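What the coordinates show
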Amino acid sequence: MEMKQRLSKNLVLFLSCTTFLGILIADDSGQPNILWVNSEDNGAQWLSCYGSPNAKTPNLDKLAAEGFRYTHCYSNSAVCAPTRTTWITGVHAISMGTQPMRSRYAIPHERIPYWPDQLPAVGYVATNFGGKNDFNIGSRPDGDTWKAAKGAKEWEKLKDQQPFVAFKTIGTSHESAPFPSKNRGFTDKDAHKMVLHPYHPDLQPVRSTYSKYAQAMHKMDREFGELFAELEAQGLRDSTIVIYCSDHGGILPRSKRFLYTSGTHCPLIIHIPEKWKHLWPAKSPGMTVDRLVSFIDMPKTVLSLAGADIPDSMQGTIFLGEHAEPEPAYHFSYRGRADKAVDMVRGIRTKRYLYIKNYMPWAPHGQFLPYMWAMEATPAWHQHFKRGKCTSVQARFFQPRQVEEFYDQENDYHNINNLIEVTEHQEIIARLRKELRRYQLTNYDSGFLPEQMRRARAEKHNLTIYEMVRRPDLYPLEQYLDYTDMLLEQNADNLPRLIEDTTSRDEAIRFWAVCGLAYLGKNAKSAAVAIEKATEDESIEVQIMAHYAHAKTQGTTLEVMKNYKKILVQAPKSGDSGYSSFVRTLNNLLKEN
Ligand SMILES: [Ca+2]
């Protein structure tokens, strides 16, 4: 007993010494602090150190000059909440069913820790400056993963809690910055100087939006500079690795939410103090790094830098530090429902080439989305299109899509020349098709069930979507991949098969069969009886799509629009996440025709 007491006394003494020493000699503890800053919605093309002709970002340019600027960093989902879902878990949003923007589907939290959960075991605290979480995940409060003291004097408190990982979101560059309704004080004073992307018409409201956003970027950069100055003022500059990135591209229409380079190419700049020079990704600060980095890599990399355990659930690759893994050859991206606009797009890229597959090609990218229409540029561009004044490149945003797109980014940063038919590229296109399928399989792409069907199937088996899509008996993904490939051919020879499948036992096959009939348009006129029956299917999403197929194959647009009104009246008032988004999307498409 006496010995035990003496031991514990010594232990207390030892612990208090190490804690005391820990504060004094944090710099030599072998554990770097990490400050991870992201600014909202700005693609790489809005930073001057990435060559922006429009915005000035001197503080971030300085960070790049003193750190390492990554030239090939890409977001996986091109929009806020699915990016954050991926960041906090290290699991692709589509792998968990959390890809629809503004949904909070449950995940098995006991199997999927958040990255800050891993830090206390290795002596770190994690904090979220400013508190933006927006993880888009249910069954766990967002905020409970952050353990460090919050509130006023965050820096001073953190200083006493080293080593730390501090996460910070700067919202100044958010899409809403140029909205006239927000009245943020940004002006069109530089409108005449703006260099427009080739797919935007040269209109004053477009120029005005560019000008306002360039000023928002300048302000965001100043706020980053202030944050970095605070780090220096606290004497933490030399013991802290600073990671800066955005969360996806933006913000002019055809960037945020879309898998083009403008929606996914993000700035990533990392500042590593001299004392951690063994972690430098290139010979010396100021250099660029051309490694292909995906946002799915961020949580694993942060945990690796902190020396923490990396959960088995994480899907990315460690891209920096002593445990860096081999560079992946591909970046994988996805688009699901964005607010009130339903869509399904998948993308895969190498450093040079981008391949995109549109599973709902009947809808133009520029389908109506209230939030996207809140900046002056979008309605102005749309009006210009409706008046028939757009060039073919400008018009494409408001027209139905091709199923496949392929771009050579080296010669076409803005992805305006679709080379999918070009003979000399067929080999790489074939490889990317194959790799996309491989990524969809290995990451359990949950998108082959429409949203409410997906939720219902998981609930029926008392599983989360994450678990359900990992059960081949409940979610035969290979079959769904094959089936959708068949109907995306839009080949009238498939008509008998599609008609037969409108009575399949699997409601997902029924859904896609009806989609296939809609794609065939007048070529599926003889499917009238099968489509009529499908409008009474037990699945609401099969019904909705069957109505649309009715309009497309039988020319019954007005009647279908009346039916959609009735469905909308009955829809639960659950906002975007109900099937009402799907009805609105299809209704808008019929209105446009
Ligand atoms: Ca965002």
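Starting afresh in each chain, residues are numbered from 1 along the sequence in its written order. Local features are withheld for residues below a pLDDT of 70 in this predicted model, meaning they are given only at 70 or higher, and side-chain atom pairs are given and counted only at 80 or more; totals for whole chains, interfaces and linings count all residues.

**Section: the overall build of the chain**
- By the criteria applied, helices consist of DSSP H or I runs no shorter than four residues and strands consist of E runs no shorter than two, each listed in order from the N terminus. If you tally the helices and strands in the chain, you get 20 helices and 13 strands.
- Taking 2.2 N^0.38 as the reference for a compact globule, 593 residues should give roughly 25 Å; the C-alpha atoms of the chain span a radius of gyration of 25 Å, in line with that estimate.
- Across its three principal axes, the chain shows a C-alpha extent of roughly 90 × 70 × 50 Å.
- Buried residues in the chain amount to 50% of all 593 residues. When we talk radius of gyration, it's over C-alpha atoms, and the globule rule is simply 2.2 Å times the number of residues to the 0.38. Partly exposed residues are those whose C-beta has more than 12 but fewer than 20 other C-beta atoms within 10 Å; with 20 or more the residue is buried, with 12 or fewer it is exposed, and the C-beta atoms are placed from the backbone.

**Here we look at the environment of Y105**
- In this structure, Y105 sits in strand β3 (residues 105-106).
- Using a count of 23 C-beta atoms within 10 Å as the deciding quantity, one classes Y105 as buried.
- Put simply, Y105 and H197 are 92 residues apart on the chain and 37 Å apart in space, counted from C-alpha to C-alpha.
- We call two residues in contact when the distance between their C-beta atoms, placed using the backbone, is within 7 Å. Residues within four places of Y105 in sequence aside, it is in contact with G97, T98, G138, R455 and I465.

**Thoughts on helix α11 (residues 426-442)**
- Taking 1.5 Å of rise per residue, 17 residues should cover 24 Å, and α11 covers 24 Å from first to last C-alpha, within 8% of that figure.
- Three or more residues of α11 are buried, namely L432, L436, Y439 and Q440. The buried residues of α11 occupy an angular sector of 95 degrees when the element is viewed end-on, so they sit on one face. Within α11, the exposed residues directed more than 90 degrees away from the buried face are E427, A430, K434, L441 and T442.
- Contacts from the buried residues of α11 go to β10 (331-335), β11 (345-349), β12 (353-358) and α14 (477-488). Take the residue count of a helix, subtract one, and multiply by 1.5 Å to get its expected span. Note that the arc is computed from the directions linking the helix axis to the C-beta atoms.

**Looking at helix α20 (residues 580-592)**
- Here α20 spans 18 Å end to end across 13 residues, near enough to the 18 Å set by a 1.5 Å rise per residue.
- For α20, the full list of buried residues reads S580, S581, F582, V583, R584, T585, L586, N587 and L589.
- Tucked inside the fold, the buried residues of α20 contact α18 (540-554) and α19 (557-570).

**Side note on the nonpolar core**
- Only buried Ala, Val, Leu, Ile, Met, Phe, Trp, Tyr and Cys residues enter a nonpolar core, and they are joined through C-beta atoms within 7 Å. The biggest cluster of nonpolar side chains holds 155 residues, and the ones touching the most others in it are V165, V514, L517 and M545.
- With 11 residues, the top contributor of residues to this core is helix α16 (residues 507-520).
- Domain start and end points were adopted from an automatic or database domain assignment. Built from parts of two domains, this core gets at least three residues from each of domain 1 (33-329) and domain 2 (444-592).
- The contacts of M545, once residues within four sequence positions are left out, are F511, V514, C515 and A518.

**Details of the sheet that holds strand β1 (residues 33-39)**
- Two strands pair if DSSP finds at least two bridges between them. Strand order in the open sheet formed by 7 strands is β4-β6-β1-β7-β8-β2-β9, with mixed pairing between adjacent strands. Where the open sheet ends on each side, the last strands, each with one partner, are β4 (125-129) and β9 (288-294). The mean angle between the axes of side-by-side strands here comes to 20 degrees, regardless of whether they run parallel or antiparallel.
- Sheet analysis places strand β2 (residues 68-74) next to β9, joined by 5 bridges and oriented parallel. Within β9, the residue paired with Y74 across the bridge is S294.
- Lying on the sheet, helix α8 (residues 298-306) is in contact with β1, β6 (164-170) and β7 (240-246); it crosses β1 at an angle near 160 degrees. As a rule, the C-alpha atoms of each element are fitted with a line to give its axis, helices using only the stretch in contact, and angles between N-to-C directions run from 0 to 180 degrees.

**So, the pairing of β1**
- β1 sits mainly inside the fold: 7 of its 7 residues count as buried.
- By the alternation rule, side chains of β1 split into N33, L35, V37 and S39 and I34, W36 and N38, which are all buried.
- As judged from the 7 bridges shared by β1 and β7, these two strands associate in the parallel manner. Counterpart to S39 in the pairing with β7 is S246.
- Examined bridge by bridge, β1 and β6 share 6 bridges and lie parallel to one another. Counted as the bridge partner of N38 is T169 from β6.

**Concerning the sheet that holds strand β13 (residues 404-408)**
- Strand order across the open sheet formed by 4 strands is β10-β11-β12-β13, with antiparallel pairing between neighbours. On the outer flanks of this sheet lie β10 and β13, each paired with one strand and no other. Strand-to-strand twist across the sheet, computed as the mean angle between neighbouring axes with direction ignored, equals 15 degrees.
- Against the sheet, α11 touches β10, β11, β12 and β13, its axis set at about 60 degrees to β12.

**Observations concerning unusual backbone geometry**
- In this model, Q162 is joined to P163 through a cis peptide bond whose omega is -5 degrees.
- Inspection of the secondary structure puts P163 in the loop between α5 (154-159) and β6.
- Cis geometry marks the peptide bond from G250 to I251, where omega comes out at -5 degrees.
- Examined against the element boundaries, I251 turns out to sit in the loop between β7 and α7 (261-264).
- Not every positive phi belongs to a glycine, and R257 is a case in point at roughly 85 degrees.
- Residue position: R257 is located in the loop between β7 and α7.

**Some thoughts on the packing of α18 against α19**
- α19 packs onto α18 with a crossing angle of 165 degrees between their chain directions and a minimal axis gap of 8 Å. Taken together, the axis directions place α18 and α19 in an arrangement best described as roughly antiparallel. Crossing of α18 against α19: the hand is left-handed. Judged by residue contacts, I544, H547, Y548, H550 and A551 of α18 engage T557, V560, N563, Y564 and I567 from α19.
- Throughout this entry, Asp, Glu, Lys and Arg are counted as charged residues, while Ala, Val, Leu, Ile, Met, Phe, Trp, Tyr, Cys and Pro are counted as nonpolar. The remaining residues, Gly among them, count as polar. Of the residues belonging to the contact of α18 with α19, the class tally is 6 nonpolar, 4 polar and no charged. An angle below 35 degrees is read as roughly parallel, one above 145 as roughly antiparallel, one from 65 to 115 as roughly perpendicular, and any other as oblique. By the definition used in this description, the sense in which the near helix is turned from the far one sets the handedness, with an anticlockwise turn below a right angle giving left-handed and a clockwise turn giving right-handed.

**Structural notes on the domain arrangement of the chain**
- Along its sequence, the chain is organised into domain 1 (33-329) and domain 2 (444-592).
- One C-alpha centre belongs to domain 1, the other to domain 2, and the line joining them spans 36 Å.
- At the junction of the two partners, domain 1 supplies 12 residues and domain 2 supplies 13 residues.
- When residues of the side of domain 1 that touches domain 2 are assigned to their parent elements, the largest contribution, 3 residues, is made by helix α4 (residues 93-96).

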